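Structural description and commentary
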Amino acid sequence: MSSKKEVKAVTAADRPILKNKMYLYLTEFFSGMSVMAVELGASRLLAPYFSSSQIVWTIIIGTIMIAMALGNIYGGRKVDKNPNPDRLYGRIIFAAIWIALIPVVGKYIILGISGLLVFTISTNFLVIAAFAACMIIFVFPLFLLGTVTPSLCKYTMDSLDDSGKVVGMLNASNTIGSIIGTFVPTFISIPAVGTSITFLIFAGILLVLAIVYFACSKVFVKKVPIAMVLFILCCIFGHSGSFAFWQKHLTVEDESIYNYLQVKEDDRRVVLSTNVLFGVQSVYQKEKGLTGMYYDYAMAAPYMAGIYEKDRPLEVLILGMGTGTYATQCKRYFGEMYVEGVEIDQKITDLAHEYFDLPEDVPVATYDGRAFLNALSSDHWKKDGDFGTADGKYDVIMVDAYQDITIPFQMSTVEFFTLVKEHLREDGVMVVNMNMRGSDSADDSTEHKARITDYLEDTIASVFTEVITVDVSMNTNRELFAGQSGMMDHFRKNLEKEEDEELLSMMHTVEADCKLYTAGDHIMTDDKAPVELLGMQVIDEMIRDEVAYYKKIYDEKGLGGLLDSL
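For clarity, every value in this text was computed on a predicted model and none was experimentally measured.

**Considering the overall build of the protein chain**
Of regular secondary structure, the protein chain possesses 19 helices and 12 strands. Going through the 566 residues of the protein chain one by one, you find that 53% of them count as buried. If you take every contact in the protein chain between residues at least 6 apart in sequence, the share linking residues at least 24 apart comes to 72%. With an accessible surface of roughly 26,000 Å², the protein chain has 58% of that area assigned to carbon and sulfur atoms.

Below you can see the structure in the form of structure tokens.
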């Protein structure tokens, strides 16, 4: 006779709360809701470091689906071997605490992975770093949540006679929860309280769900009070939404539906960034001078459009208004001019008025740039409204919607640039800011690979008669001017009438670096525009150039020498 005490296996029948089918469906509902909330939170956590491109979204969705699939398999096998429901709700507790820890340690993990990989890989950095971050941060809790559905099938099904109905109800509960978990973070929690607190909210929901189970089952489990303490600590240390935690004295750090927003201010200027690690979207010069950036180069467009040849003010449209630096500079240097902008992010427009001195007489439509042009084509806006010109056409259209490393494909195709041309007057000029021209230090021994700039330039050249490019000095930006033949003739003729010496000097710099573009055959259409993959090539080049100096120190002196140099 064995001296060991036999332990009775716990089943769903021993837990009265599981006889309440509604509670089981609620478990499925909140599980589905939390999965989608974490997925959307993942995109917002990664975006300030890796962008919000389709590549990053693909990585997020792919890793989450891997986690859920493995969780389904594991959960099904485990519940068949041991139908103890305590194990399921124990896994939910672990998932909840892991999700609560994401706002506490997630950004440090991302930067640690980026710092490690940037010195060890030279290609596909964005893909590898984002994939590694997703695997480490998000796979485990979603793997645990993936075990919920097969376990609940076991506990909910009374007999095979109602198996179809039960599985259908569970799937419906999961789907409805997923729908709500998609909309709530995007439109409510992230804009209102930020990504960090959004993670904490949904972690709290899962934790409450498990606590209710154990409380109703009158089972004391040590992990419950431990989890409660850990969750409280996560709320204390993880509520800060700072992505750039190493930076001090930021004027604004916020999130909108579309962007991470960071405003920095010093004695000379105010700067907006939508990416933690690199990129400046807008600059406001407090001393009212030129910015030294691409906005100065883009001011060649009014000369090409014949600003001093017309008996009326020039009419300018800016697609991708940002905080209005280009509009402010044009009004400042050219005086009377009608300028209107399109900016999809209302929070950026609010920042423009509060910190960047955007003129009050510059109307800004909260709209997608291409959708705005389509609306003009359909007479959605009339002249007597706030937007649009008398004929729906402009003398200058600036396209400045390529943000950081994210290029909206719908604003990079033949169809889009054709639409822009339709809204330009006969002698009008389109100026495009291309912010990823990449390095010119490619290995001469290798065959030239078409870059994103080649594709954009060829696409634009297939629509416009003449295309002129100029590279911005000491920067990765390239300005492209497109219109009818003779743009440089108009430029020189109108420049002769310019009296501002500072601007005149800048325009002579632009003129000296202008190049007439010869079209190639790399055309992007609405059906095929591989902007993400093309952009990734430039990212690799930019990273190689940025870390080359530090990589040399690391190779020669090791980690200690690198830390000393920093």
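The structure having been displayed, the exposition proceeds.
**What about the environment of Ala 67?**
Within the secondary structure, Ala 67 sits in helix H2 (residues 54–81). Considering only alpha carbons, one finds Ala 67 and Thr 147, 80 residues apart in sequence, at a separation of 9.9 Å. Excluding residues that lie within four positions of it along the chain, Ala 67 makes contacts with Val 139, Leu 142 and Phe 143.

**Section: the nonpolar core**
Core analysis: the biggest nonpolar cluster contains 71 residues, and Leu 18, Leu 46, Phe 50, Tyr 89, Ile 110, Phe 138 and Leu 152 have the highest contact counts within it. With 15 residues, helix H3 (residues 85–118) is the largest single contributor of residues to this core.

**Some thoughts on the confidence of the model for the protein chain**
Looking at the protein chain, pLDDT values average 85 and 87% of them are 70 or higher. pLDDT under 50 marks residues 1–7. Its contacts with residues more than four places away, or in other chains, come to zero contacts. Under a pLDDT of 50 for its full length, residues 441–447 has, in the predicted model, two contacts with residues more than four places off or in other chains.

**A word on the sheet that holds strand E3 (residues 269–273)**
Whenever strands of a sheet pair, they do so through backbone hydrogen bonds, lying parallel or antiparallel. With respect to topology, four strands assemble into an open sheet ordered E1-E2-E3-E4, the strand pairing being antiparallel. On the outer flanks of this sheet lie strand E1 (252–255) and strand E4 (282–285), each paired with one strand and no other. Here the average twist between neighbouring strands, direction ignored, is 10 degrees. Both strand E2 (residues 260–265) and E3 contribute to a ladder of four bridges, which runs antiparallel. Its bridge partner lying in E3, Val 263 is registered against Leu 272.

**Some details on helix H16 (residues 452–461)**
In terms of residue burial, H16 counts as a mostly covered element, since 10 of its 10 residues are buried. Along H16, the residues classified as buried are Ile 452, Thr 453, Asp 454, Tyr 455, Leu 456, Glu 457, Asp 458, Thr 459, Ile 460 and Ala 461.

**Some words on the sheet that holds strand E8 (residues 394–399)**
A sheet is described by the order of its strands in space; here eight strands give the open sequence E7-E6-E5-E8-E9-E11-E10-E12, paired in mixed fashion. Each edge of the open sheet carries a strand with a single partner, namely strand E7 (364–365) and strand E12 (515–516). Examined bridge by bridge, strand E10 (residues 466–471) and E12 share two bridges and lie antiparallel to one another. Bridge pairing in E12 places Thr 469 opposite Lys 515.

**Brief notes about the pairing of E2**
As judged from the four bridges shared by E1 and E2, these two strands associate in the antiparallel manner. In the sheet register, Val 252 faces E2, and the bridge partner there is Val 263. Turn length for the E1-E2 hairpin, with the two strands adjacent in sequence and antiparallel, is four residues. From the end of E2 to the start of E3, which pair antiparallel, there are three residues.

**A look at the side chain of Lys 310**
Structurally, Lys 310 can be placed in the loop between helix H11 (300–304) and strand E5 (315–319). Within the structure, the side chain of Lys 310 is placed 2.8 Å from the side chain of Asp 427, a separation counted as a polar contact. For Lys 310, the contacting residues outside a window of four places in its chain are Ala 305, Asp 395 and Asp 427.

**Observations regarding unusual backbone geometry**
One non-glycine residue, Lys 288, adopts positive backbone phi at about 65 degrees. Take Lys 288: it is sitting in the loop between E4 and helix H10 (294–298). In this model, Asp 357 sits at a positive phi of 55 degrees, which is unusual for a non-glycine residue. One can find Asp 357 in the loop between helix H13 (346–355) and E7.

**Digging into the packing of aromatic side chains**
Going through the model one piece at a time under the given rule, you end up with 13 aromatic pairs. Both rings, one in Tyr 89 and one in Tyr 213, keep their centres 4.1 Å apart while their planes meet at 10 degrees; by these two values the pair is stacked. Remark: Tyr 213 occurs in helix H8 (residues 195–216) and Tyr 89 occurs in helix H3; sequence separation between them is 124 residues. On the basis of relative accessible area, Tyr 89 is assigned to the buried category, the value being 0%. Their ring planes at 75 degrees and their centres at 4.9 Å tell us that Tyr 213 and Phe 214 sit as a pair that is edge-to-face. Residues Tyr 213 and Phe 214 agree in their burial class; the two are buried.

**A look at the packing of H2 against helix H4 (residues 125–137)**
Viewed as axis vectors pointing N to C, H2 and H4 meet at an angle of 35 degrees, and their least axial separation amounts to 10 Å. H2 and H4 meet at a crossing whose hand is right-handed. Between H2 and H4, the contacting residues are Ile 55, Val 56, Ile 59, Ile 60 and Thr 63 on the first element and Leu 126, Val 127, Ala 130, Phe 131, Cys 134 and Met 135 on the second. Per-class residue counts for the contact of H2 with H4 are 10 nonpolar, one polar and no charged.

**With respect to helix H1 (residues 21–50)**
Here H1 is 30 residues long and its end C-alpha atoms lie 43 Å apart, about the 44 Å a rise of 1.5 Å per residue gives. Within H1, 25 of the 30 residues are buried, which leaves the element mostly enclosed by the surrounding structure. Between the side-chain oxygen at the start of H1 and the backbone nitrogen of Met 22 there is a gap of 3.0 Å, and the oxygen is on Asn 20. One or two steps after H1, the chain reaches Ser 51, where phi turns positive at roughly 85 degrees.

**Some thoughts on the environment of Met 157**
Along the chain, the position of Met 157 falls in the loop between helix H6 (148–156) and helix H7 (163–193). It is 9.5 Å that separates the C-alpha atoms of Met 157 and Lys 21, two residues lying 136 residues apart in sequence.

**Focus: the pairing of E10**
Working note: regular strand, side chains alternate between the two faces of the sheet. Across the six residues that make up E10, a large majority, five, are buried. Sheet topology places E10 next to strand E11 (residues 478–483); six bridges connect them, and they run antiparallel. Residue Ile 468 lies in a different strand from E11, and its bridge partner there is Phe 481.

**Here's the deal with the pattern of salt bridges**
Under the criterion given, the structure shown has 17 salt bridges. Among the ionic pairs, Arg 425 bridges to Asp 391, the shortest N-O distance being 3.0 Å. Taken together, the residues span a long stretch of sequence, with Arg 425 in strand E9 (residues 424–434) and Asp 391 in the loop between helix H14 (369–377) and E8 at a distance of 34 residues. Residue Asp 391 is classed as partly exposed on the basis of its relative accessible area of 45%.

Rules of the game
Residues numbered from 1 in each chain as written. Predicted model: local features only at pLDDT ≥ 70, side-chain atom pairs only at ≥ 80, totals over all residues. Heavy atoms only, no water. Helix = DSSP H or I, 4+ residues; strand = E, 2+ residues; numbered from the N terminus. Buried < 20%, exposed > 50% of the residue type's maximum accessible area, 1.4 Å probe, protein only. Contact = heavy atoms within 4.5 Å. Areas by Shrake-Rupley, 256 points an atom, 1.4 Å probe, with all protein chains shown as cover. Core = buried A, V, L, I, M, F, W, Y, C linked by side-chain atoms within 4.5 Å. pLDDT = per-residue confidence, 0-100. Pairing = 2+ DSSP bridges. Axes fitted to C-alpha atoms, helices over the stretch in contact; angles between N-to-C directions. Polar contact = N/O pair within 3.5 Å; in protein donor to acceptor, adjacent residues only side chain to side chain. Phe/Tyr/Trp six-rings, centres within 6.5 Å; stacked < 30°, edge-to-face > 60°. Left-handed = near helix turned anticlockwise from the far one by under 90°. Nonpolar A, V, L, I, M, F, W, Y, C, P; charged D, E, K, R; others polar. Expected span 1.5 Å × (residues − 1). Salt bridge = Lys/Arg side-chain N within 4 Å of Asp/Glu carboxyl O.

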